[in-house]
Amino acid sequence: MSHLSVDASNSCIPPNCNLVGQIPPLPKPERGVPLILDGNSGRRNAGAGPILLYPSRQFVIARNLETGKSFVYRGHTANVTVAKFSPSGAYVASADVRGKLRVWSWDQQEHLCKLDIVALSGPIRDLSWDLDSQRIVVVGEGSPSDPSSLCARVLQWDTGVKLGDLGQHARKKASSCTFRPCRPMRIVTGGSEDFKCSFNKGPPFQKVWEGKGGIPHENVHRRGSVHCVRYNRDGTMVASVGTDRTVAFYNGLTLELLQKMEHVHDASIYSCAFHPHHASQLLTCSADGTVKWMEETKEGLQQVTHSWNIAEYLRTSGGSSGSGSSGSSSNNLDQKVPLGGMVMGCTFVHESQSGDMSTIPVAVALNGKICVLSKRSSSSSSSSSSSGKDDCVSYSLTGHQAPISALAIHHQENKMYTCDSDGVIVQWDLSNVMTDGEKKHGLILAVDNVQHGSVGAAAAATTNTTTEEEEAEGKGSLDETLMNKIHAGAVAGMALVGSCSFTGNCHLDELDSTMLLSVGWDDYVRTTVDRTTNTLKLKLAAQPNAIAKGSHLAVILTVQGLQLMRHGKFVSDHILLPFEASSVCVSADDSTIYVGGCDSHVHIYKILEVDNFLTLEEIHQLSHHTNGQPIYSLAISHNGTKLASAGVREICVWDMESNYEPIIGKSRWCFHQQRINALAWSQDDRILASGGNDDSIYFWSLCKKTTRVHYPHAHRGGVTAIEFLKNAHGTVLVSVGNDACINLWDVTDDVMQKFG
C-alpha cells in the first residue's frame, strides 16, 4: 500500500495500540473561505458530551470540549473542507478539495467507510444531511471546461445516486447549502460568484423558479458571495450571510424575505448558526474579528443582543487557554483587525436534544484558536448589548495547525514545548500526566503559545516600531498579526539547556534556570524563558537543520557545519565539516559531539576549550551502517554507555565503554520501511523507541534482540520526534508527527509482555 493510499486499516489509529491521550491539530482556515463547523453530534451521541467536529488539513477532528478527548479521522488524501454528523449520529460525511465525498461510521471502532465517491469535479465547500439521514446535498466548484459539470448535487447517502437536478450557480461555484430539517423538504444553496440563494424542492429535487411577488427571493444580497445559509431547528426560517455584511432572514418553506439587516458587521460575514433549541436565535462571525448573537424581539424582528470581540481578546490576553478575559464589545475602527484575529467560523455545540445548559457557542479565528464563548445569561439579555457584561470568552484551545517538527520536555517542571513548520511554538503542562503513584494518565494541557517579548495588554497599547539598526542587530518586534509565529520560517529544532541568564556566564554548580533554544529556517536562533521569547535573536551562518544539547552546551547543525552555543551566546565559529551532516547529539557532560553523516558514518568529536572558545577534534568514526544510507537520527542512553544510530531502515547500537563495539549491527533491527527520524531511550535505558516516515513507532530491547513491539499508523505523514516521560507511572511515550498531533502512549503492558 502506497504512502498516500487509504483503507480501513489506516483511517484511524488501530484500537489495539495503547493510545491514552491525544492533542489534535487546530483548524486551519483559508483566508476568505468560511470554516465549516459542526456542533450537533446526533441522537445516538446524546450524553456523550459537547463534541465539536471540524476539518484540519487532511483530517477530520472530533473534539469533546468537556473531557478534552479527541478523535482524528485520516481517511482523506487531500485537504478536508467540511465534515458533519448525520442527524442519527451513526455516520459522518466529509468532503475535500478534490471533490471526494466519504461517508464513514462513527459508532464503531474501525470507522469503516460506507460511501467513497467523487461527487464534484472541484472542491466541495459545504454539505448537509436531510432529517432522515438518507440524503446528502453537496455544493462546491464544478469544472469550467465541462458543460456537464455541476456545482450542487443531492445524493443518496449509501449509493451516491443522484436524487434530482438542483439549481446551479454562475461560473459553477457554490459556497453553502442547507437541508430543511422537516417535511416538506427544501434545499437552499448559496452562490460564490452570483451572490444568489437558489431554492429547491423535492424529492425528486428541482429548482423553484421565481413566481408572483418575486418569491422565492433569491437576489437579496447585492455583491460578492453568499458565504453561509442555514435553516433553524424547526425549518420555519432560513438565514443567509455574505460579503456585503448583510444578514437576511427568509420563510423556510417559501424563501420569502422576512427581514434584511445591513451592516451587521464591519467586514465580510463568513458563517452563521441557529441555536439548536431556540429557533429565533442566530450566531454570526466576521472578518472584523467579532461574533454577534441575534434574537427576535417582541415585534418579531431580529436584533443584535450580544457581541464578542475575538480579535481584541486574542490581542490583549494572548488567547491563553485558561483565561476568562472579556473581549470589548465594540471595535476600534481606527485599528486594523489582525490577520489572525479574523473569525472564520462559528457554531453552537450541544450534547443532547433538550436543555439549554448544554449548548456552548464556539468561534474559530484564522490563527486556528478555538474560542469557547460564555453561555448567554437570559436574565441580562436586555442589558448585555449596552454594558457588554456577558461578552466574555471563557477560554480558548490552542495547538498546532502545521506539521510538528520537534519537541522538548522539562521533566523537573512538567513542561513540554512543541514547534511546527509555521514557526509556532506551544508550551504544554504535563502535571496531569506525570503521576508517580496510581496508574493514571491525564490529559496534556495547553498552557499557551510562546510569545514574543512584552506581549500583553500593555504591549498592545504601545506603538511597535523596529528601526533598521535593531533589525540589523537581530531584534524582533511584537507579532501584530496574531498568527503566533516565533520564527519567520519552519522551526527546525528546539533544545532546553541550562543558563543563568540570557547573556551571562556561570559554572555548572551555579545553574538556576533553563532556557529554550529554537532554530528556524529564517536562519536565526531565539531564546525563550517561561513562554516569553527574547527580542534579541542571533543570526546563524547557514540554514539550520537540527539542534542537540548536553547540560549547558547546545550544538546547532547547519547545512554547512556546526555552531556551538552556551548560556545564550555563541562560543565557537561556524565549524565547516568535510562531509554532509544529517544528525547530531551531545554527551551529557558536554565533552563529546556525535555527528551522523550522509556518508553512512558516525563522526565523533572531542570538544576543546581555550579561553571560553570551543573547537572540535575528530577522534573516531563508526562505520557499521549499510553503505549509502545517511544517519538520520542519534541518541545516547541516559547512563552514557550506549549510542543508537538510525538510517533509512536499520538501527545500530554501539557500546561506548568497549571502544564502540556494535551491540546491534546492521541488518538486525531493520523493520522500518522509510527514513527513521527519531530515537529515544527509556528512563532505565532498557527500551529503545524509534519513529519514522512510515508512520510507525517501534520498541526494541537489548535483552531480547529478536523481539519488537510495533505501533503502526501512529502519525499520518511520519513521526518526527519521540521522548519517554520521566515522572509518569510505567513506560509512557510522547510522540509528535507531520499530522500535527501529539500522542501519548502507555506501552507498559506491551513492553512487559514482549520483553519481560
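Residues numbered from 1 in each chain as written. Predicted model: local features only at pLDDT ≥ 70, side-chain atom pairs only at ≥ 80, totals over all residues. Heavy atoms only, no water.

(A) Molecular detail of the overall build of the protein chain. In terms of helices and strands, the protein chain carries five helices and 57 strands. In the protein chain, which comprises 756 residues, the share counted as buried stands at 60%. A total of about 28800 Å² of accessible surface is found on the protein chain, and carbon and sulfur atoms cover 47% of it. (Helix = DSSP H or I, 4+ residues; strand = E, 2+ residues; numbered from the N terminus. Buried < 20%, exposed > 50% of the residue type's maximum accessible area, 1.4 Å probe, protein only. Areas by Shrake-Rupley, 256 points an atom, 1.4 Å probe, with all protein chains shown as cover.)

(B) Focus on the pairing of strand S56 (residues 732-737). With six of six residues buried, S56 lies mostly within the body of the structure. Where burial is concerned, the two faces of S56 agree: the one with Val732, Val734 and Val736 and the one with Leu733, Ser735 and Gly737 are both buried. Pairing geometry for strand S55 (residues 719-724) and S56, over five bridges, is antiparallel. Following the sheet pairing, glutamate 723 is matched in S56 by valine 734. Bridge count for S56 against strand S57 (residues 742-746) is five bridges, and the pairing is antiparallel. Directly across from valine 732, in S57, lies its bridge partner aspartate 746. (Pairing = 2+ DSSP bridges.)

(C) Examining the pairing of strand S25 (residues 343-349) more closely. Along S25, seven of the seven residues are buried, which leaves the element largely enclosed by surrounding structure. As defined by bridge partners, S25 adjoins strand S26 (residues 360-365) across six bridges and the pair is classed as antiparallel. Counted as the bridge partner of valine 349 is isoleucine 360 from S26.

(D) Fine view of the sheet that holds strand S16 (residues 205-207). If you walk across this open sheet you meet the five strands as S12-S16-S15-S14-S13, and the pairing is mixed. Only two strands of the sheet have a single partner each, and these edge strands are strand S12 (164-165) and strand S13 (174-179). Direction of pairing for S13 relative to strand S14 (residues 185-191): antiparallel, over a ladder of five bridges. Bridge pairing in S14 links serine 176 to glycine 190.

(E) Structural view of the pattern of salt bridges. According to the stated counting rule, one finds 20 salt bridges in the structure shown. Where arginine 44 meets aspartate 107, a salt bridge forms, and the shortest distance between an N and an O atom there is 2.6 Å. One end of the pair, arginine 44, is in the loop between strand S1 (19-23) and strand S2 (51-56); the other, aspartate 107, is in the loop between strand S7 (100-105) and strand S8 (113-118), and 63 residues separate them in sequence. Since its relative accessible area comes to 57%, arginine 44 is described here as exposed. (Salt bridge = Lys/Arg side-chain N within 4 Å of Asp/Glu carboxyl O.)

(F) Region of interest: helix H1 (residues 310-317). Within H1 the residues assigned to the buried category are Ile310, Ala311, Tyr313, Leu314 and Arg315. In this structure asparagine 309 caps H1, since a side-chain oxygen of it lies 3.4 Å from the backbone nitrogen of alanine 311. (Polar contact = N/O pair within 3.5 Å; in protein donor to acceptor, adjacent residues only side chain to side chain.)

(G) Structural view of the environment of arginine 566. One can find arginine 566 in strand S40 (residues 561-566). Separated by 69 residues in sequence, arginine 566 and valine 497 have C-alpha atoms that sit 8.4 Å apart. Beyond its immediate stretch of four places on either side in the chain, arginine 566 contacts His552, Val571, Glu609, Asn612 and Leu614. Here the side chain of arginine 566 touches glutamate 609 through a polar contact of 3.2 Å, side chain to side chain. (Contact = heavy atoms within 4.5 Å.)

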